[in-house]
Amino acid sequence: ELGENADAVAAARQARELNPQDPRALEVLAQAQLAAGDMNAAISSYNTLTVMQPKSVSAHLQLANAYAANGDLREAVGTARRALQINPGSADAHAMLGTLYLRSRRLKDAQEMAAFLQKNAPNSPHGFLLEGEIQAAQQDFGRSLAAFQKAESLESNAYTRIKVHEVQTLLQDRKSTRLNS
């Protein structure tokens with residue numbers, strides 16, 4: 001796999017050299033660098049992409065993701081907030097920022113993002129998935145399960161089913177532990 005990633009980076013670098021003004025070539029290079037685990041190069045490439053496309057929410061969110069993958073949550077949050085400034089109604093920016101707040105243990109801020117998503121994208125599972133994660137982080141598995149079930153009712157896929165199952169299992173384990181005490 002390391003060889004494949006190195007080959008992908010080399011091919012993407014070559015495409016970038018052939019098309020230095022093409023933001024898509026730079027994006028592919030950054031994605032390949034990220035997949036190869038070369039976080040500093042990926043961050044540098046995504047930074048260049050945000051300079052090339054300063055109004056691109058996507059470019060800023062990809063940079064935020066690279067910062068988060070590198071463990072720099074402070075920079076990730078700041079970059080996601082810039083994406084939100086570009087488009088205050090962006091559901092993707094709210095979802096990423098909410099997830100970053102959750103990872104940073106800023107639960108109140110994460111809850112604000114979840115509430116925004118639930119209100120402004122009520123047919124999307126993202127706000128409910130985020131709420132489920134927030135409630136689980138607070139050990140409120142009843143509310144967590146309800147949020148994950150709502151998310152699954154909106155978009156049933158492997159991820160939503162796994163989240164529902166995980167919380168149901170936690171609740172059953174807690175119930176069994178109380179009964180056996």
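Located above this text is the structure these notes cover.
Residues numbered from 1 in each chain as written. Predicted model: local features only at pLDDT ≥ 70, side-chain atom pairs only at ≥ 80, totals over all residues. Heavy atoms only, no water.

Novice: Describe the nonpolar core, and please don't skip the residues or the numbers.
Specialist: Ranked by size, the top nonpolar core spans 37 residues in total, and within it Tyr46, Leu97 and Leu100 carry the most contacts. In terms of residue count, the dominant contributor to this core is helix α4 (residues 57-69) (8 residues). Those residues in contact with Tyr46 that sit more than four places away from it in its chain are Glu27, Ala30, Gln31, Leu34, Gln62, Leu63 and Ala66. Judged by nonpolar contacts, the second largest core, of 9 residues, contains Leu129, Ala136, Leu145 and Phe148. (Core = buried A, V, L, I, M, F, W, Y, C linked by side-chain atoms within 4.5 Å. Buried < 20%, exposed > 50% of the residue type's maximum accessible area, 1.4 Å probe, protein only. Helix = DSSP H or I, 4+ residues; strand = E, 2+ residues; numbered from the N terminus. Contact = heavy atoms within 4.5 Å.)

Novice: Lay out the environment of Val167 in plain terms, naming residues and giving numbers.
Specialist: Assignment of secondary structure puts Val167 in helix α10 (residues 158-180). Under the relative-accessibility criterion, Val167 is labelled buried at 3%. A C-alpha to C-alpha distance of 11 Å links Val167 and Ala137, two positions 30 residues apart in sequence. Other than its neighbours up to four places away in sequence, Val167 contacts Phe141, Ser144, Leu145 and Phe148.

Novice: Go over the packing of aromatic side chains with me, naming the residues and quoting the values.
Specialist: For the structure shown, the criterion picks out 0 aromatic pairs. Directly above the aromatic system of Phe128 lies the positively charged group of Lys150, at a separation of 5.8 Å from the ring centroid. (Phe/Tyr/Trp six-rings, centres within 6.5 Å; stacked < 30°, edge-to-face > 60°. Lys NZ or Arg CZ within 6 Å of the ring centre and 35° of its normal.)

Novice: Explain unusual backbone geometry residue by residue, including any values.
Specialist: In this model, Arg105 sits at a positive phi of 65°, which is unusual for a non-glycine residue. You can call Arg105 exposed: its relative accessible area is 53%. You will see that Gln139, though not glycine, has its phi angle at about 65°, which is positive. Positionally, Gln139 belongs in the loop between α8 (126-137) and α9 (141-154).

Novice: For the pattern of salt bridges, give the residues involved together with the corresponding values.
Specialist: Taken as a whole and assessed by the stated rule, the structure comprises 7 salt bridges. A salt bridge links Arg24 to Glu27, with the shortest nitrogen-to-oxygen separation between them at 3.2 Å. Taken together, the residues Arg24 and Glu27, both in helix α2 (residues 23-35) and 3 residues apart, mark about one turn of the helix. Two residues, Glu112 and Lys108, come together in a salt bridge whose shortest N-O distance is 3.7 Å. Separated by 4 residues within a single helix, Glu112 and Lys108 lie in helix α7 (residues 107-120), roughly one turn from each other. Look at Lys108 and you get exposed, because its relative accessible area is 65%. Several salt bridges converge on common partners, so that one network encompasses Glu133, Lys163 and Glu166. (Salt bridge = Lys/Arg side-chain N within 4 Å of Asp/Glu carboxyl O.)

Novice: Account for α9, naming residues and giving values.
Specialist: For α9, which comprises 14 residues, the first-to-last C-alpha distance of 20 Å matches the rise-based estimate of 20 Å (1.5 Å per residue) to within 8%. Along α9, the residues classified as buried are Phe141, Ser144, Leu145, Ala147, Phe148 and Ala151. An end-on view of α9 places all buried positions within 165° of arc, on one side of the element. Exposed residues lying more than 90 degrees from the buried face of α9 are Arg143 and Ser153. Contact partners of the buried residues in α9: α8 and α10. (Expected span 1.5 Å × (residues − 1). Arc of directions from axis to C-beta.)

Novice: Describe the packing of α2 against helix α3 (residues 39-52), with residues and values.
Specialist: One can describe the packing of α2 onto α3 by two numbers: an axis separation of 8 Å at closest approach and a directional angle of 160°. Considering the angle they form, α2 stands roughly antiparallel to α3. In this structure, α2 crosses over α3, and the sense of that crossing is left-handed. Facing α2, whose interface residues are Pro23, Leu26, Glu27, Leu29, Ala30, Gln31, Gln33 and Leu34, α3 presents Met39, Ala41, Ala42, Ser45, Tyr46, Thr48, Leu49 and Met52. Residues of the contact of α2 with α3, tallied by class, amount to 11 nonpolar, 4 polar and 1 charged. (Axes fitted to C-alpha atoms, helices over the stretch in contact; angles between N-to-C directions. Parallel < 35°, antiparallel > 145°, perpendicular 65-115°, else oblique. Left-handed = near helix turned anticlockwise from the far one by under 90°. Nonpolar A, V, L, I, M, F, W, Y, C, P; charged D, E, K, R; others polar.)

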